[in-house]
Amino acid sequence: MTRKPFICGNWKLNHGLVETQAVLRAMAAEASTYSSVELAIAPVTPLLAAAAQVLQGSALGLAAQNVHHQDKGAFTGEWACHHLSELNVGYAIVGHSERRQYFGETSAAVGQKVRACLDNNLVPIACIGESLQEREAGQIWDVLKNQMDPITAAVQPDEAHRLVVAYEPVWAIGTGKTASAAQAQEVHAQLRSWLAGAFGEDVAERVRLQYGGSVKPSNALELLSEKDVDGALVGGASLQADTFLGIAAAAFELA
Ligand code: PEP
């Protein structure tokens, strides 16, 4: 089974309007070179409309960093999946560890967001990952399973191939400490086996599993060479065109 590699950049709370337009223009100019790789960037939400204008007709997709699970209502400060679709945003990152840590996003809420994305034709990029303390205490599999269960419970087998799961060990995010390729593969193999339990092996083989945590051009090839590592969710190294495209080039080499 070949899974199309998928590299998504998460800009978090960074580039303003001028930088967003400039960096996206530079990325879009090169994106079609890596046609066997799916590429997307998640800018800050208020700039999605401006970003969509820059990316019109390009091979670089747009992602949101978060989304609310309801379509409408008294939820000040939120936005819904259909608002994203209206802007040609194709993906939504849900359950990022920073959302879980600083905004109280629970695993149950992540499941609801995954459901809303699938109902609205958005690809959910559902993030899971253990902290260093949890890893060292031997709790990694319990933690990851508890995060995965509400995600798989929200998805039907016939739509599960649209799901993307990003394994992002919290201790590797923004720290410069990358999980080794073997550590990433070990977790991804376990995730795929849980997916097989939930949806059957054929479907599990179609689900893309991204690794996230200090991915950069210098370590991308090694990580992406692993059998079950189908792409990357990239923070810091996605902020500039050359480093993001360097990761895309590594994925392209292997695709
Ligand atoms: C992230 O924020 O999802 C991430 C992986 O960040 P970084 O690449 O900077 O570690």
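Residues numbered from 1 in each chain as written. Predicted model: local features only at pLDDT ≥ 70, side-chain atom pairs only at ≥ 80, totals over all residues. Heavy atoms only, no water.

Peer 1: Now, about the overall build of the protein chain: what can you tell me, with residues and values included?
Peer 2: Scanning the protein chain from terminus to terminus reveals 11 helices and eight strands. In terms of its C-alpha atoms, the protein chain occupies a principal-axis envelope of roughly 45 × 45 × 35 Å. The 255 residues of the protein chain split such that 54% are buried. The long-range share in the protein chain, meaning contacts at least 24 apart out of those at least 6 apart in sequence, stands at 73%. On the protein chain, roughly 11000 Å² of surface is accessible, and the fraction owed to carbon and sulfur atoms is 51%. For the protein chain, the distance from the average position of its 18 positive side-chain charges to the average position of its 27 negative side-chain charges is 3 Å. (Helix = DSSP H or I, 4+ residues; strand = E, 2+ residues; numbered from the N terminus. Buried < 20%, exposed > 50% of the residue type's maximum accessible area, 1.4 Å probe, protein only. Contact = heavy atoms within 4.5 Å. Areas by Shrake-Rupley, 256 points an atom, 1.4 Å probe, with all protein chains shown as cover. Lys, Arg positive; Asp, Glu negative; His and termini not counted. Charge placed at Lys NZ, Arg CZ, Asp CG, Glu CD.)

Peer 1: Describe in detail the pattern of salt bridges, supporting the description with residues and values.
Peer 2: Per the stated rule, a full pass over the model turns up 14 salt bridges. With a shortest N-O distance of 2.5 Å, E159 and R115 are connected by a salt bridge. Here R115 lies in helix α5 (residues 107-119) and E159 lies in the loop between α7 (140-153) and β6 (164-167), a separation of 44 residues in the sequence. Given the relative accessible area of 10%, E159 is considered buried. (Salt bridge = Lys/Arg side-chain N within 4 Å of Asp/Glu carboxyl O.)

Peer 1: If you had to explain the nonpolar core to someone new, which residues and values would you point to?
Peer 2: Ranked by internal contacts, the top residues of the largest apolar core, which has 75 residues, are I7 and V114. When residues in this core are grouped by element, the largest group, eight residues, is from helix α8 (residues 181-199). In this structure V114 touches V94, P124, A126, I151, A154, V155 and L163, once residues within four positions along its chain are discounted. F6, C8, A40 and I93 belong to the second-largest nonpolar core, a separate cluster that totals 13 residues. (Core = buried A, V, L, I, M, F, W, Y, C linked by side-chain atoms within 4.5 Å.)

Peer 1: Requested: an account of the pairing of strand β3 (residues 60-64), with residues and values cited.
Peer 2: Looking along a regular strand, one sees the side chains alternate between the two faces of the sheet. Judged by how many residues are buried, β3 sits mostly within the fold: five of five residues are covered. Burial of β3 is two-sided: the residues L60, L62 and A64 facing one way and the residues G61 and A63 facing the other way are all buried. Judged from the three bridges that link them, strand β2 (residues 38-42) and β3 form a sheet pairing that is parallel. When the bridges of β3 are listed, L39 appears paired with L60. Between the parallel elements β2 and β3, the chain passes through helix α2 (residues 48-55) in a crossover that is right-handed. Two strands pair when backbone bridges link them, and β3 and strand β4 (residues 91-94) are joined in this way by two bridges, in the parallel orientation. Along β4, the bridge assignment pairs A63 with Y91. In this view, the connection linking β3 to its parallel neighbour β4 by way of helix α3 (residues 81-86) has right-handed handedness. (Pairing = 2+ DSSP bridges. Right-handed = clockwise from strand over helix to strand, strands pointing away.)

Peer 1: Give me the sheet that holds strand β8 (residues 231-234): which residues, what numbers.
Peer 2: The strand order around the closed barrel built from eight strands is β1-β2-β3-β4-β5-β6-β7-β8, with neighbouring strands paired in parallel fashion. Across this sheet, the average inter-strand angle for adjacent strands is 25°, counted without regard to direction. Lying over the sheet, helix α1 (residues 17-31) contacts β2 and β3, oriented at roughly 135° with respect to β3. In this fold α8 packs onto β5 (123-128), β6 and β7 (208-212), with an angle of close to 150° to the strand it touches most, β7. (Axes fitted to C-alpha atoms, helices over the stretch in contact; angles between N-to-C directions.)

Peer 1: A description of the packing of α1 against helix α11 (residues 241-254) should follow, citing residues and the corresponding values.
Peer 2: Relative to each other, α1 and α11 sit at 30°, their axes nearing to 9 Å. For the element pair α1 / α11, the angle class is roughly parallel. As for the relative orientation of α1 and α11, their crossing is right-handed in sense. Seen from α1, the contacting residues are V23, A26, M27 and E30; seen from α11, they are A241, F244 and L245. (Parallel < 35°, antiparallel > 145°, perpendicular 65-115°, else oblique. Left-handed = near helix turned anticlockwise from the far one by under 90°.)

Peer 1: Residue-level account of the packing of aromatic side chains, with values.
Peer 2: Applying the stated criterion to the full structure yields four aromatic pairs. On the numbers, 6.3 Å between centres and 80° between planes, the contact of W141 with W194 is edge-to-face. Of this pair, W141 sits in helix α7 while W194 sits in helix α8, and the two are 53 residues apart along the sequence. Lying across the ring of W194, K145 places its NZ or CZ 5.8 Å from the centre. (Phe/Tyr/Trp six-rings, centres within 6.5 Å; stacked < 30°, edge-to-face > 60°. Lys NZ or Arg CZ within 6 Å of the ring centre and 35° of its normal.)

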